[in-house]
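If you want the building blocks of each chain, they are given just below.
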Amino acid sequence: MTSTLKKRLRKYLVMGSQNCKSNPVNTLESAIAGGITAFQYREKGENALTGDAKLHLGKQLRETCHRHNVLFIVNDDIDLVRPLDADGIHVGQDDKSVQEIRKSFPDKIIGLSVSNTREVTNSPINMVDYLGAGPIFSTNTKADAKTPVGVEWVKTLRKEFPNLPIVGIGGINTQNATSVIQSGADGVAIISAITQALNITEVVNDLKF
Ligand code: TZP
Ligand code: MG
């Protein structure tokens, strides 16, 4: 299971409609054509959809992932996991606790963001399926992003957790993605370098690992 999950998290697009230059479903389709293996529905922040509109777009994106065998993960919003039949949920340090989520969803993939050693110490790492490590590089996409931690953070996590799937996030693009993988990450999670690309399919294709 772990090695399969590692493979499935290799090229991980994260986005919501607020990140897209054009139709989010088309954006996702283009990224899938380029070879993404996982998708996180992160409808959040300024201009994000809420309520029924959020659910409706989630259903369309979920269906698109289903058709192409791309992993579908929901960010934060526990209430969307069942209606969207998500494969998993990704949470940060300020979201619902991993213990509670595991209780409600014994069989779903749970991803947790960790940015420093204190967060690792305070988290039930043995209950999560993968770690999101970041922000690796500086990013303008997340308003409240923490200070960049660099690829050193991936190396530190890899040493401490030799077998746990780890995904780098934050400021990753085609130029620096390989350094994240070489530092021990199993995959890279990307928002703007993909959603803002002139040719989305080509950019995903240019992730050479
Ligand atoms: N978590 C840490 S950095 C980040 C998130 C959601 C934003 C990543 O966006 P980008 O555009 O790939 O830097
Ligand atoms: Mg969160």
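The name recorded for the chain in an unreviewed UniProt entry is Thiamine-phosphate synthase, from Virgibacillus byunsanensis. If you open the UniProt record of the chain and go to Sequence similarities (unreviewed entry), you find "Belongs to the thiamine-phosphate synthase family."

Look at the UniProt record and you will see "binding site: 4-amino-2-methyl-5-(diphosphooxymethyl)pyrimidine" (unreviewed entry) annotated at Gln 40, Tyr 41, Arg 42, Glu 43, Lys 44, Asn 75, Ser 113 and Lys 142. Following the sequence through the fold, Arg 42 ends up in the loop between β2 (38-41) and α3 (51-67). Residue Arg 42 is classed as buried on the basis of its 23 C-beta neighbours within 10 Å. Beyond its immediate chain neighbours, meaning those up to four positions away, Arg 42 contacts Val 14, Met 15, Gly 16 and Asn 75.

Time to look at the pairing of strand β3 (residues 71-75). Walk down a regular strand and you will see the side chains alternate between the two sheet faces. Of all five residues in β3, four are buried, a share of seventy percent or more. Read from β2 through α3 to β3, the crossover connection turns out right-handed.

In this fold, Lys 142 is placed in the loop between β6 (130-133) and α6 (150-160). Separated by 61 residues in the primary sequence, Lys 142 and Val 203 have C-alpha atoms spaced 21 Å apart.

Our next topic: the sheet that holds strand β5 (residues 109-114). Strand order in the closed barrel made by the eight strands is β1-β2-β3-β4-β5-β6-β7-β8, with parallel pairing throughout. Ignoring which end each strand starts from, the neighbouring axes of this sheet average 25° apart. As paired strands, strand β1 (residues 11-15) and strand β8 (residues 187-190) are joined by three bridges and run parallel to one another. Paired with Lys 11 across the strands is Val 188, a residue of β8.

The rules behind the values
- Residues numbered from 1 in each chain as written.
- Chains lettered and ligands numbered in written order.
- Predicted model: local features only at pLDDT ≥ 70, side-chain atom pairs only at ≥ 80, totals over all residues.
- UniProt positions renumbered as here; feature names shortened; annotations may be inferred.
- Helix = DSSP H or I, 4+ residues; strand = E, 2+ residues; numbered from the N terminus.
- Buried ≥ 20, exposed ≤ 12 C-beta atoms within 10 Å, placed from the backbone.
- Contact = placed C-beta atoms within 7 Å.
- Right-handed = clockwise from strand over helix to strand, strands pointing away.
- Pairing = 2+ DSSP bridges.
- Axes fitted to C-alpha atoms, helices over the stretch in contact; angles between N-to-C directions.

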